[in-house]
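Take a look at the letters that make up each chain.
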Amino acid sequence: MQDGRRRLAASLVVFPALWLTRVPAARAQAASAPRLRPTPAQTEGPFYPVQVPSDHDNDLLRNGSLRYAAGTPGWIEGTLSNAEGRPLAGAEVEIWQCDETGHYHHPGDGGRADPAFQGFGRIQADAEGRWRFRTLRPVPYSGRTPHIHFKVRQGSRELLTTQLYVEGAAGNERDFLWRSLGREDRAALTRPFERESDGWRASFPIFVAAA
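Residues numbered from 1 in each chain as written. Predicted model: local features only at pLDDT ≥ 70, side-chain atom pairs only at ≥ 80, totals over all residues. Heavy atoms only, no water.

Topic: the overall build of the protein
- From N to C terminus, the protein includes four helices and 12 strands.
- Counting across all 211 residues of the protein, residues that qualify as buried make up 40%.
- Total accessible area on the protein is roughly 11800 Å²; 54% of this is exposed by carbon and sulfur atoms. (Helix = DSSP H or I, 4+ residues; strand = E, 2+ residues; numbered from the N terminus. Buried < 20%, exposed > 50% of the residue type's maximum accessible area, 1.4 Å probe, protein only. Areas by Shrake-Rupley, 256 points an atom, 1.4 Å probe, with all protein chains shown as cover.)

Structure follows, in structure tokens:
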């Protein structure tokens, strides 16, 4: 027993640097390694609003006093966190999309969108990073599979611009932007829309690298 204790003590004396550097280095690596893969970025596209509309809350099915009755209503919700999993409370999440006939509120699309469809929404993530929008289940239009555009801001900083796709949509395999994604990126941006009592619902967790 005493010989074993002497050998342990001797090893600590002979190799003090090994004991002192290995453990802190391992801890530093664990602390610095991101736990979550950032959500992939995609192009903003040509139809981001020229001017943010006066009504830009999280209910895109009401525009001022008008109600939008076309299409399939649904909810898009999720959480917003950094790569370490910390909620980004107060950061802004924006979405914009076409109406049921495939038109945006934008002069580049001829101003043909239904005036009852808000088309653009903005909300702040809550203390736990949660956000939620009432909108349409997205629809295809010429050249594009169903999708919803997203942008994340924190103060004056733009943290992410990307697009959300519908799992199982027939047009995904023909869409040039969806096809450009690798397997992991497709999985991150392609979400199922599931039928519930108050409409269709999709969950979209967003992780940003720099925040």
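Further notes follow.
Quick look at the sheet that holds strand β9 (residues 190–191)
- Taken in spatial order, the five strands make up an open sheet running β5-β4-β7-β8-β9, and their pairing is mixed. Of all strands in the sheet, those bounded by a partner on one side alone are β5 (120–124) and β9. (Pairing = 2+ DSSP bridges.)

Observations concerning the pattern of salt bridges
- Under the defined criterion, the tally for this structure stands at 16 salt bridges.
- Two residues, Glu44 and Lys151, come together in a salt bridge whose shortest N-O distance is 2.8 Å. Of this pair, Glu44 sits in the loop between α2 (16–32) and β1 (62–63) while Lys151 is found in strand β7 (residues 147–154), placing the two residues 107 residues apart along the sequence.
- Note that Glu92 and Arg122 form a salt bridge whose closest N and O atoms lie 3.9 Å from each other. (Salt bridge = Lys/Arg side-chain N within 4 Å of Asp/Glu carboxyl O.)

What to know about the confidence of the model for the protein
- Per-residue confidence for the protein gives a mean pLDDT of 88, with 83% of residues at or over 70.
- For the stretch residues 8–23, pLDDT sits under 50, and the model shows one contact to residues farther than four places along the chain or on other chains.
- Throughout residues 25–30 the model reports pLDDT below 50, and contacts reaching past four residues in sequence, or to other chains, amount to zero contacts. (pLDDT = per-residue confidence, 0-100. Contact = heavy atoms within 4.5 Å.)

Here we look at the packing of aromatic side chains
- For the structure on display, the rule yields eight aromatic pairs.
- Judged by centre distance (5.9 Å) and plane angle (85 degrees), the ring pair of Tyr48 and Phe120 falls under edge-to-face. Placement of Tyr48 in the loop between α2 and β1 and of Phe120 in strand β5 is noted, with a sequence separation of 72 residues between them. Judged on exposure class, the residue Tyr48 and its partner Phe120 are both buried.
- Relative to Phe117, the ring of Tyr68 lies with its centre 5.0 Å away and its plane at 45 degrees, an arrangement referred to as tilted. Taken together, the residues span a long stretch of sequence, with Tyr68 in the loop between β2 (66–67) and β3 (73–82) and Phe117 in the loop between β4 (92–96) and β5 at a distance of 49 residues. With respect to burial, Tyr68 and Phe117 carry one shared label: buried.
- Clustering of aromatic rings is evident, with ring pairs tying together Trp131, Phe133, Phe150 and Phe204. (Phe/Tyr/Trp six-rings, centres within 6.5 Å; stacked < 30°, edge-to-face > 60°.)

A look at the environment of Ala70
- Tracing the backbone through its elements, the reader meets Ala70 in the loop between β2 and β3.
- Residue Ala70 is classed as partly exposed on the basis of its relative accessible area of 35%.
- C-alpha separation for the pair Ala70 and Leu136, spaced 66 residues apart in sequence, amounts to 8.7 Å.
- Those residues in contact with Ala70 that lie beyond four places of it in its chain are Glu100 and Leu136.

Quick look at the nonpolar core
- Of all hydrophobic cores here, the largest spans 34 residues; its most connected members are Ile76, Leu80, Trp131, Phe150, Phe204, Ile206 and Val208.
- Contributing elements (two or more residues each) for this core: β3, β4, β6 (130–136), β7, β8 (157–166), α3 (176–179), β11 (199–203) and β12 (206–208).
- With five residues, β8 is the largest single contributor of residues to this core.
- If we skip the residues at most four places from it in the chain, Ile206 touches Thr39, Thr79, Leu80, Ser81, Trp131, Phe150, Val152 and Leu160.
- In terms of nonpolar packing, the next biggest core, distinct from the first, is built from seven residues, Phe47, Tyr48, Trp96 and Cys98 among them. (Core = buried A, V, L, I, M, F, W, Y, C linked by side-chain atoms within 4.5 Å.)

Let's talk about the side chain of Gln42
- Mapped onto the elements of the fold, Gln42 is located in the loop between α2 and β1.
- Residue classification places Gln42 among the buried residues on the basis of a relative accessible area of 10%.
- Among the polar contacts made by the side chain of Gln42, one reaches the side chain of Tyr165 at a distance of 2.6 Å.
- Ignoring anything within four residues of it in the chain, the contact list for Gln42 reads Thr161, Thr162, Gln163, Tyr165, Leu177, Ser180, Leu181 and Leu189. (Polar contact = N/O pair within 3.5 Å; in protein donor to acceptor, adjacent residues only side chain to side chain.)

Describing the side chain of Thr161
- Secondary-structure assignment places Thr161 in strand β8.
- At 2.8 Å, the side chain of Thr161 and the side chain of Lys151 are in polar contact.
- If sequence neighbours within four positions are ignored, Thr161 has contacts with Ala41, Gln42, Thr43, Glu44, Phe150 and Lys151.

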